[in-house]
Each structure stands twice: as structure tokens, then as C-alpha cells.
Amino acid sequence: MGGDCKYEIRQEAYVKLVLHALKHRASAVNGLLVGRLVDAAGSGSAGVQIVDAVPLSHSQIGLLPSLELALIQVEEHYGAQDLSVVGYYQANERFNDEQLSGAARKIGDHIFRYFPRAALLLLSNNYLEALLKRKVNIPVVELYTRNSSKSWERAGLGLEQSTELTIKEPSAFSILLDYISSEKWQEIVDFDDHLDDISKDWLNSNLFK
Amino acid sequence: MVGAAEEVHLNRLESQVENGGGGAWEYLCLARKLKVRRSDKVLKFGLPILNDPRARSKLGGEEWTLYEQVAIAAMDCQQIDIAKDCITTLLKRFPGSTRVGRLNGMLSEAKGEFAEAERVYEQILEKNPLDQAIQKRKVAMAKARGDLSAAVELLNKYLEIFMADYDAWRELAEIYVSQQMYKQAAFCYEELILFQPTVPLYHLAYAEVLYTMGGLENLQTAKKYYASTIDLTGGQNTRALYGVCMCAFAISQLAKGRSKEQESADLQSLAAEALLKEYKQRAPDKVAILTATLRGMKLIS
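Residues numbered from 1 in each chain as written. Chains lettered and ligands numbered in written order. Predicted model: local features only at pLDDT ≥ 70, side-chain atom pairs only at ≥ 80, totals over all residues. Heavy atoms only, no water.

Applicable threshold: UniProt positions are given in the numbering used here, feature names are shortened, and annotations may be inferred rather than shown by experiment.
Going by what an unreviewed UniProt entry lists, chain B is known as ER membrane protein complex subunit 2 and is assigned to Spirodela intermedia. One UniProt comment on chain B, placed under Subunit (unreviewed entry), says "Component of the ER membrane protein complex (EMC)." Turning to chain B, the UniProt record has this under Subcellular location (unreviewed entry): "Endoplasmic reticulum membrane".

Where an unreviewed UniProt entry is consulted, chain A appears under the name MPN domain-containing protein, with the organism given as Spirodela intermedia. Under Sequence similarities (unreviewed entry), UniProt gives the following word-for-word description of chain A: "Belongs to the EMC8/EMC9 family."

Given below as C-alpha cells:
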């Protein structure tokens, strides 16, 4: 799938996935991205709006049952708002591991089948540290999209140079810093937590209230 | 492996201490017993005790255990100097101890000086070749360096000798899963189930791996192990209940059109019912999603 595509992630989605990673610092975390395709009127180029993030798990990434169940339930819930699964995010377990794992690619491939502009976001532990320790304002995720040879490529490199990710609201950075200082990550719930205790809300509906 | 009730207790203690209600020592002991990794809190609560001579003397012999616990927590939080101080204190008290030697090795690991850590461990192993903790450190180090095949190799060698180390089997299974080597992970869980057939966690983990592997036979076996999990947990395990439903559906999809003996649909309908009951009681806002999910799997009308 060639052509440029602009990816825009809403503050809510971005903050959720960062908080999820911060809650489970000693393990890998992953989650789904929910959103919609937008056709930038007139300009002819497509765009993807990532409206929300659903944290999935913080252990045993690479097992299917909870992923499949989450996909069903996420589609069910968000379908009513005309949103669907448009991507996937992951943060690796080891600090120096900046590779997109096999499991991530597989999950990405699966999502791609239903949404050809699927986005894979890989959290960079280095940028996350820079954010935490030195309050550096750079997005802590790297965007990967499927190129014409069916492999996942980092955006901004190769042919897809105009594929990029922007965070919609400029206030995202200061909100994130706020939440970090108040240790807001304690409140985030992922699908794993829900399966351990169904009274926990994987939609995190009250997180930002 | 922390049970739900234990985790609630631990969390309650944690907020109690956070809010100045005391109980730090109780928290630290519980964290140690449950082997949870809450290094930031351990450091936060433990260091003041160590820095206060009166509080320290109240601990008696336990003081040294606290030094060890705080040292490890400090390393986990990259507070190298604090860790170093603790270890130095321990070395003075227990010179030549392999237990403290292990901490020294870990300190080198925390600093990223893996070659030095390796040297420390080899030294200890020369005198005590069967030191389990050190052997496991070598696995941890391989894992930390991203050399998962070395970690797997070391862990397999370790298990040849210490084959009743259940945690090691679990660790190996988890590494295999992270590498998508599901068959090998399945083997580990099979061993664990043989060792401890009444631990539901192993049945559940085995079922999840089998489901991931897919294929009719694996799904049928997965369903059996989800069922045994339900049995062993008195129907309280949500994952197992969902698992039975998902297996039943996947099997029906695979066996479509083929003449198969009518498998009793009781198990999955019971599981579906149990899920609905649980959700209605404890997660009413999600009942609609659950109903749609179960309907999609043709388990309810």
C-alpha cells in the first residue's frame, strides 16, 4: 500500500498507552489502537485518526486467547461509535530492545487484514526515560506501517517518507507530565487486569475524569 | 505467583504506609514472602529504616535481610550508590559469603558490567558448582543481554540437574512463549502438570499455549485443560470460562461439515451461563459486550 498517510493520535490514546507502559516497567506491555480512516477532503491523501487505546496485557504477550477475546470485545464496543481497530502498540521488556518483535508483527499482520492502513506503535524506552528524567518533549512512540513488500517499516524512512505520526493536542505533553508526577499510572487497567477481576474496567472510562 | 487475596492485602498495606499509617516492616516482609517486584516502594519504605539506628536495632538479626532486600530494590531502581552501601555493610558483617558475593555480581550487572559479573559468578561456582542462585543469575544475565538462546540453553542445563525447580520451568516456558516457540513451552507446562497436577495455573497456561498453537487436536486438548482449570478453581477463573467457550467455537468452525460425534455442548453452555452470571453481578456495564461475544460464538441465542 503506497502513498502517504498521515496518522494522528489523540491525547487520550497517547496518554493511556504511556501510562500503561509506566505501570509495568519490568515487563512488556501491549494494547490495541482504535480509530477511523479519514479522507482529507480534496487533498486526496488518506489519514488515520487514532482515537483511543485499549491496554491489553503486561505478561505473556504472544498468547492468543486474551488477544482474540479483546479484539472481539473492542470491535463490539467501539463499532457502535463507528470506530474500529486501526493498530497496535507495544513496549518491550528490555530497556535496550528497540526491535519490533515477531509477535508484534504477527498481530500487526492480522490487524492489517481488516484495516490496510494499520499502524504499529513501538514505545521507545530511551525516549520514555528522557521524558521521565529530563522532561524532554518528544513523542515516545515510533510508527511502523506495512510497505509494499509486506514488511513493517519505520515511518519516515525509505519510500514512505511522508507517513508520519502527530499527536493531535499540543497539551498532551504537559498533561502527561502532570499524570507522571501524580503517579496516575496506578489507575490504568488493561484487559489482563479485567480477566483477573472483571470488576476492573478495561475501557478506563473514569481515568480522565 | 500471587493470589488475588494476597495482592489485595499487599496493596492495602502499601497505601497504608504511603499515607503515613505505618506498617512498613510488615509490608517489606510480605513483599519478600510473595517475591513481588515493587522495588520503588521497597526502597522508599526500607531505606528510612536502615538509616535510623534505633529502628534498625529493633530488627535484630533481620536487619541483614533488610539490607539485602533494599540493595536489590536499589539496583532495580538504578540507585547504584545506595546498593553499594548496603552491600559494603553486608560484606563487613559476612566476609566471604557467597550470598553477598551474588549481590556483588548483581551490582555489576546493574551497572551493565556483564563481564565483571560473569567473573564474580564463575569464581563462586568454582567453589560451589551447584549453587542454584548463581546459576540462575547467569540465566538472568543472558536474558538481560538479550541473548535468549543462551538463556534457554543455560536454563535447560540447569533443569537437567534441578528438575524440580518449578519456577525455573515456568521461566523457561515464558521465554519460549516470548520467542513464539509454543511446542517447547507446552512441554514445560506438561512437566509442571506432572509435578503438581493440582495447581490450576499450570493447567490454564498449558491450555492457553495449546489454543495459540491451534489445530483441531490442540484445541480439543486446550478445552480439556480449561475444563480442568474450572474444576480446580471451583468455576471462579474467568479466563478458563472464556477459554472453554472460545475452544468450543473454534472447534465448531474447524469441524464444520465434517461428521463429528456430537460433542456434548453442556460444558460451553454452562461456562457461558457462569460468565453471564458473574458479569451481571460484578461488571454490569460489560454485560452487553459479553452477550454479543457469546452470541457471536453461537453459545447463546
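## Some words on the interface of chain B and chain A
Applied cut-off: It only takes one pair of heavy atoms within 4.5 Å for two residues to be counted as in contact. In what follows, salt bridge is the name for a side-chain nitrogen of Lys or Arg lying within 4 Å of a carboxyl oxygen of Asp or Glu. Between N or O atoms, a polar contact is any pair within 3.5 Å; within protein, one atom must be a potential hydrogen donor and the other a potential acceptor, and residues adjacent in sequence are included only when both atoms are from side chains. Here a strand is any run of E in DSSP of at least two residues, a helix any run of H or I of at least four, and the numbering for each starts at the N terminus.
Listed as interface residues are 31 residues of chain B and, on the opposing side, 30 residues of chain A. In this assembly, chain B and chain A are joined by 5 salt bridges. Across the salt bridge formed by B:K41 and A:E183, the nearest N and O atoms sit 3.6 Å from each other. Remark: the boundary between chain B and chain A carries 12 residue pairs in polar contact (both at pLDDT 80 or more). Those elements giving two or more residues to the side of chain B that touches chain A turn out to be helix 9 (132-144), helix 11 (166-178), helix 12 (182-195), helix 13 (200-213), helix 15 (238-254), helix 16 (266-282) and helix 17 (287-296) of chain B.

## Digging into the confidence of the model for chain A
The condition is simple: Known as pLDDT, the predictor's per-residue confidence is scaled from 0 to 100.
Overall, the prediction assigns chain A a mean pLDDT of 90, with 93% of residues at 70 or greater. Of all secondary-structure elements in chain A, the lowest mean pLDDT belongs to strand 8 (residues 164-167) of chain A, at 88, while strand 4 (residues 84-91) of chain A reaches the highest, 97.

## Details of the state of the cysteines
Condition: Cysteine sulfurs are considered disulfide-paired once they come within 2.5 Å of each other.
In total, this model carries 0 disulfides over all chains according to the counting rule given. In this structure B:C29 is not part of a disulfide, and its nearest cysteine sulfur, from B:C86, lies 16 Å away.

## Focus: the sheet that holds strand 5 (residues 119-123) of chain A
All names here are of chain A. We count it as follows: Any two strands are treated as partners once DSSP identifies two or more bridges connecting them. The convention used is that axes are lines fitted to C-alpha atoms, helices contributing only their stretch in contact, and that angles between N-to-C directions extend from 0 to 180 degrees.
One open sheet accounts for 8 strands, arranged 7-6-5-4-2-3-1-8; its pairing is mixed. Single-partner strands in this sheet number two, and they are strand 7 (152-154) and strand 8. Within the sheet, the average angular offset between the axes of one strand and its neighbour, ignoring direction, is 30 degrees. Bridge count for strand 1 (residues 5-9) against strand 3 (residues 46-57) is 5 bridges, and the pairing is parallel. From the neighbouring strand, Y7 faces strand 3, where its bridge partner is V48. Helix 1 (residues 11-23) rests against strand 1, strand 2 (29-39), strand 3, strand 4, strand 5, strand 6 (141-146) and strand 8 of the sheet, and its axis sits at about 30 degrees to strand 3.

## Points about the packing of aromatic side chains
All names here are of chain B. The line we're drawing: Think of it this way: a Phe, Tyr or Trp ring, Trp meaning its six-membered ring, pairs with another when their centres are within 6.5 Å, and the plane angle makes it stacked under 30 degrees, edge-to-face over 60, tilted otherwise.
Applying the stated criterion to the full structure yields 10 aromatic pairs over all chains. A centroid spacing of 5.7 Å and a plane angle of 25 degrees characterise the contact between W64 and Y67, whose relative ring orientation is stacked. Of this pair, W64 and Y67 both sit in helix 5 (residues 62-76), 3 residues apart, which is roughly one turn of that helix. These aromatic residues form a ring-pair network of at least three members: W64, Y67 and F94.

## Re helix 14 (residues 216-232) of chain B
What counts, and what does not: Under the convention used throughout, the expected extent of a helix is 1.5 Å for every residue step, that is, one less than its residue count. Note on exposure labels: buried denotes an accessible area under 20% of the residue type's maximum, exposed denotes more than 50%, and partly exposed covers the range between, all computed with a 1.4 Å probe on protein chains only.
When the terminal C-alpha atoms of helix 14 of chain B are compared, their 24 Å separation across 17 residues agrees well with the 24 Å that a helix rising 1.5 Å per residue should span. Residues of helix 14 of chain B that are buried include every one of B:L216, B:L219, B:A222, B:K223, B:Y226, B:S228, B:T229 and B:I230, and no others. In this structure, the buried residues of helix 14 of chain B make contact with helix 2 (64-79) of chain A together with helix 13, helix 15 and helix 16 of chain B. Positive phi appears at B:G234, one or two residues downstream of helix 14 of chain B, with a value of about 60 degrees.

## Topic: helix 16 of chain B
Given a rise of 1.5 Å per residue, 17 residues ought to cover 24 Å, and the 24 Å separating the end C-alpha atoms of helix 16 of chain B matches this to within 8%. Buried positions along helix 16 of chain B lie against helix 6 (191-196) of chain A together with helix 14, helix 15 and helix 17 of chain B.

## Some remarks on the UniProt feature "domain: EMC2 TPR-like" (unreviewed entry) in chain B
Per the UniProt record, "domain: EMC2 TPR-like" (unreviewed entry) is annotated on residues 99-209 of chain B. Secondary structure within residues 99-209 of chain B divides into 81% helix and 0% strand; the distance between the first and last C-alpha atoms comes to 36 Å.

## Re unusual backbone geometry
What you tend to see is this: most non-glycine residues have negative phi, and most peptide bonds are trans. You will see that B:K35, though not glycine, has its phi angle at about 55 degrees, which is positive. Turning to its location among the elements, B:K35 is positioned in the loop between helix 2 (24-34) and helix 3 (39-51).

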